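Observations on chain architecture
Spelled out, the chains give:
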Amino acid sequence: MVLVLDFGSQYTRLIARRLRELRAFSLILPGDAPLEEVLRHNPKALILSGGPRSVFEPNAPRPDPRVFALGLPVLGICYGMQLLAQELGGRVERAGRAEYGKALLTRYQGPLFRGIEGEVQVWMSHADAVTELPPGWRVSASTEENPVAAMEAEDGKAFGVQFHPEVAHTPKGMQILENFLEIAHVPRDWTPEHILESLLKEVRDRVGKDRVLLAVSGGVDSSTLALLLARAGVDHLAVFVDHGLLRLGEREEVEGALKALGVNLRVVDAKERFLKALKGVEDPEEKRKVIGRAFVEVFSQVAREEGPFRFLAQGTLYPDVIESAGEKGAAKIKSHHNVGGLPEDLSFELLEPFRLLFKDEVRELALLLGLPDPLRLRHPFPGPGLAVRILGEVTEERLEVLRRADDIFVSLLKEWGLYEKVAQALAVLTPVRSVGVAGDERKYGYVLALRAVTTEDFMTADWARLPLEFLDEVARRITRRVPEVGRVVYDITSKPPATIEWE
Ligand code: XMP
């Protein structure tokens with residue numbers, strides 16, 4: 001495996017993801033992880049990530065110095081290259097001019113660039129530059145602005161690149177990373193089949209004859225987890241709480257698919273309870289809290305009725321793990337609802353088979369496990385469901401209106417082949433009513449907003465440039481078939497400053 005030492009770059013996760021796309025297992029550790037921790041993972045190679053600091057700042061993050069003495073193949077990216085230069089006896093200085101954005105390599109050579117020909121565009125983002133190489137190193141690429149755009153050690157095992165090979169704006173970046181893996185003799189065995197096999201073994205070994213409880217939402221993570229438990233043949237119960245805030249036909253779709261694939265599923269109809277708890281609640285955070293509490297109550301009741309269970313399985317993913325391990329905590333914008341906060345008398349051991357996986361890898365597993373495409377390729381849907389897409393009070397009538405409008409939007413996206421081109425699409429029912437005409441009559445209908453975004457990670461997002469003809473058809477169909485809606489608007493705000501959901 002390859003260890004990525006993180007010095008705070010916004011692209012660190014992307015490095016690990018790219019290596020996994022190249023079928024090399026990789027993990028991220030804090031940049032200053034002590035040698036013992038690095039060794040515990042038995043890495044074949046190290047990558048030092050970029051970062052926002054300057055290597056000559058006091059307290060700039062740096063690796064345990066003993067890490068350099070390991071003699072492992074190493075690739076320093078941006079700040080990582082500057083660390084190598086400084087630690088190994090070269091010099092880093094503030095560049096005369098910062099280099100941001102696209103640049104062309106004016107020359108390049110050496111094993112890191114093997115197989116690459118012609119024009120090489122790279123993505124730069126740095127204000128410091130290597131001005132003197134460490135002894136025993138040579139320049140392996142330059143740009144017009146920067147004579148040391150890449151460097152390599154004469155022993156052929158250590159490399160630095162000032163640009164970011166992991167981003168899409170460096171089109172040949174994957175080849176560069178692949179070359180590094182070859183040089184370092186990193187095995188390329190991280191395939192979906194291999195992942196599935198090792199997860200099945202892990203689950204069987206850990207669970208044995210004990211029982212596992214899990215909550216499924218219909219999202220790809222929890223559905224795939226349920227399928228994994230079913231395939232592993234362990235004694236499990238998957239609980240799907242229908243809180244009445246689901247989309248049209250959603251419950252039936254999830255129920256049908258999971259049961260057909262051997263999941264022991266119990267669907268709990270708790271619509272009335274949730275709607276009652278939401279009566280009169282208008283504040284978005286309050287809604288989330290009310291729903292979270294009701295969810296825990298319903299889930300705990302099932303756990304008691306059907307228990308005891310030794311394990312609670314959760315679809316925690318690697319990015320969540322990295323975050324809770326103390327990546328500079330992002331400010332809490334919204335409280336997210338999941339199975340946290342269970343009462344104390346219900347204690348479980350957590351089973352988190354996906355804790356080292358990225359979302360794309362879970363989707364690949366889902367494919368192997370036979371999850372039908374509509375569920376596997378489904379956009380994310382928030383735990384509190386349509387409640388956070390109805391501004392103001394949630395009522396049965398509003399839910400009904402939103403469900404029909406949302407279904408038209410999503411069905412048309414699929415018909416037009418646009419569904420998979422956007423990361424998430426949704427309809428929002430506002431409490432605003434506006435004036436319109438229907439025949440000779442004055443009409444007073446809801447304002448419904450459509451939102452579709454493109455994004456890599458849902459932390460930032462851009463509004464999707466959907467074709468105008470498409471939006472036209474959606475608006476016509478919604479106002480025709482859902483007469484309660486008087487006006488349809490399209491949200492053209494990116495995140496930030498807006499969030500993806502409206503509440
Ligand atoms: P925002 O609106 O914060 O959403 O830009 C980012 C992503 O998170 C989803 N989301 C939630 N998911 N419980 C969830 O399980 C929640 O309370 C919640 N709020 C937002 C949202 O749909 C988007 O994919």
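Note that residues are indexed from 1 along each chain, following the sequence as it is written. This being a predicted model, a pLDDT of at least 70 is required before a residue's local features are given, and a value of 80 or more before pairs of side-chain atoms are given or counted; all residues contribute to the totals for chains, interfaces and linings. Each side-chain value is worked out from all heavy atoms of the structure, with water and hydrogens disregarded.

The name an unreviewed UniProt entry gives the chain is GMP synthase [glutamine-hydrolyzing], with Thermus composti as the organism. UniProt positions are given in the numbering used here, feature names are shortened, and annotations may be inferred rather than shown by experiment. Checking UniProt for the chain, the heading Pathway (unreviewed entry) contains the comment "Purine metabolism; GMP biosynthesis; GMP from XMP (L-Gln route): step 1/1." Its UniProt record gives the chain a comment under Catalytic activity (unreviewed entry), which states: "XMP + L-glutamine + ATP + H2O = GMP + L-glutamate + AMP + diphosphate + 2 H(+)".

This part is about the layout of surface pockets. Considering only enclosed or pocket space, the second largest pocket measures out at about 290 Å³ in volume. Of the residues forming the lining of the second largest pocket, the biggest block, four residues, is contributed by strand β6 (residues 121–132). Any residue that is not Ala, Val, Leu, Ile, Met, Phe, Trp, Tyr, Cys, Pro, Asp, Glu, Lys or Arg is counted as polar, Gly included; the first ten are nonpolar and the last four charged. Per-class residue counts for the lining of the second largest pocket are six nonpolar, ten polar and three charged. Method remark: on a 1 Å grid restricted to protein atoms, a set of points is classed as a cavity if a 1.4 Å probe fits but cannot get out and as a pocket if it is open with protein on both sides within 12 Å along at least five of seven lines; lining residues have an atom within 4 Å of a point. Grid points are joined across faces, edges and corners, and a volume is the space filled by probe spheres set on the points. Think of it this way: any DSSP run of H or I at least four residues long counts as a helix, any run of E at least two long counts as a strand, and we number them from the N terminus.

It is worth spelling out helix α5 (residues 192–207) at this point. Here the expected length of a helix is defined as 1.5 Å per residue gap, with one fewer gap than residues. Between the first and last C-alpha of α5 there are 22 Å, a value that for 16 residues agrees with the 22 Å anticipated at 1.5 Å per step. To sort residues, take the accessible area from a 1.4 Å probe on protein chains only and compare it with the maximum for the residue type: under 20% means buried, over 50% means exposed, and anything in between is partly exposed. Among the residues of α5, Pro192, Ile195, Leu196, Leu199, Leu200, Val203 and Val207 are the ones counted as buried. In an axial view of α5, the angular spread of the buried residues amounts to 130°, which keeps them on one side of the axis. Those residues of α5 that are exposed and aimed more than 90 degrees away from the buried face are Glu197, Lys201 and Asp205. Between two residues, a contact is recorded if the distance between any of their heavy atoms is within 4.5 Å. For α5, the secondary structure elements touched by its buried residues are β10 (211–216), α6 (220–232), β13 (311–313), β14 (349–351) and α11 (359–369). Backbone geometry just after α5 places Gly208 at a positive phi near 55°. Note that the arc is defined by the directions from the helix axis to the C-beta atoms.

Moving on to unusual backbone geometry. Cis peptide bonds are those with omega within 30 degrees of zero, and the linkage from Gly307 to Pro308 qualifies with 0°. Note that Pro308 resides in the loop between α9 (284–306) and β13. With omega at -15°, the peptide bond leading from Lys495 into Pro496 counts as cis. Positive phi outside glycine occurs at Cys78, with the angle close to 55°.

All right, on to the side chain of Ser300 then. If you trace the backbone, Ser300 turns up in helix α9. Judged by relative accessible area, which is 3%, Ser300 ranks as buried. Ignoring any residue separated from it by four or fewer positions in sequence, one finds Ser300 in contact with Leu342, Pro343 and Leu346.

For the rest of this paragraph, the subject is the UniProt feature "active site" (unreviewed entry) in the chain. The UniProt feature table records "active site" (unreviewed entry) at Cys78, His164 and Glu166. The annotated residues occupy 89 residues of the chain but converge on a single region, no pair of C-alpha atoms lying more than 11.2 Å apart. Lining the second largest pocket, out of the annotated residues just given, are Cys78 and His164. Beyond its immediate sequence surroundings of up to four residues, His164 is in contact with Ser9, Tyr11, Ile77, Cys78, Trp123, Ser125 and Thr170. Side chain to side chain, His164 and Glu166 meet in a polar contact 2.8 Å long. Inspection of the secondary structure puts Glu166 in the loop between β9 (158–161) and α4 (173–183). By relative accessible area, which is 1% here, Glu166 ends up buried. Distance and chemistry together define a polar contact, namely a pair of N or O atoms within 3.5 Å, with one atom able to donate a hydrogen and the other to accept it when in protein, and with adjacent residues in sequence counting only for side-chain atoms on both sides.

Attention shifts here to the sheet that holds strand β3 (residues 45–48). Strand pairing is assigned whenever DSSP detects at least two bridges linking the two strands. Pairing within the open sheet is mixed, and its nine strands lie in the order β2-β1-β3-β4-β9-β8-β7-β5-β6. The sheet is open, and its two borders are formed by β2 (26–30) and β6, each paired with just one other strand. On average, each strand axis in the sheet is inclined to that of its neighbour by 25°, with strand direction left out of account. With ten bridges joining them, strand β5 (residues 91–108) and β6 adopt antiparallel strand pairing. Within the sheet, the bridge partner assigned to Glu93 lies in β6 and is Ala129. Inter-axis angles, ranging from 0 to 180 degrees, are taken between N-to-C directions of lines fitted to C-alpha atoms, where helices are fitted over the stretch in contact. Sheet strands in contact with helix α1 (residues 12–21) are β1 (2–6), β2, β3 and β4 (74–77), and its direction is about 160° off that of β2. Running over the sheet, helix α3 (residues 79–87) touches β3, β4, β5, β6, β7 (137–143), β8 (150–153) and β9 and is turned about 115° from β4.

Along the polypeptide, Tyr11 turns up in the loop between β1 and α1. When its relative accessible area of 18% is taken as the criterion, Tyr11 is described as buried. The spatial distance from the C-alpha of Tyr11 to the C-alpha of Gly50 is 7.6 Å, given a sequence separation of 39 residues. Apart from the residues within four sequence positions on either side, Tyr11 is in contact with Trp123, His164, Glu166 and Val167.

Salt bridges are identified by distance alone: a Lys or Arg side-chain nitrogen within 4 Å of an Asp or Glu carboxyl oxygen. The full count for this structure, using the stated rule, is 43 salt bridges. Here Arg188 and Glu178 are joined by a salt bridge, their closest N and O atoms 2.9 Å apart. One end of the pair, Arg188, is in the loop between α4 and α5; the other, Glu178, is in helix α4, and ten residues separate them in sequence. When the shortest N-O distance is used, the salt bridge between Glu349 and Arg310 registers 2.9 Å. Of this pair, Glu349 sits in strand β14 while Arg310 is found in the loop between α9 and β13, placing the two residues 39 residues apart along the sequence. Members of the salt-bridge network, linked through shared partners, are Arg206, Asp210, Arg310 and Glu349.

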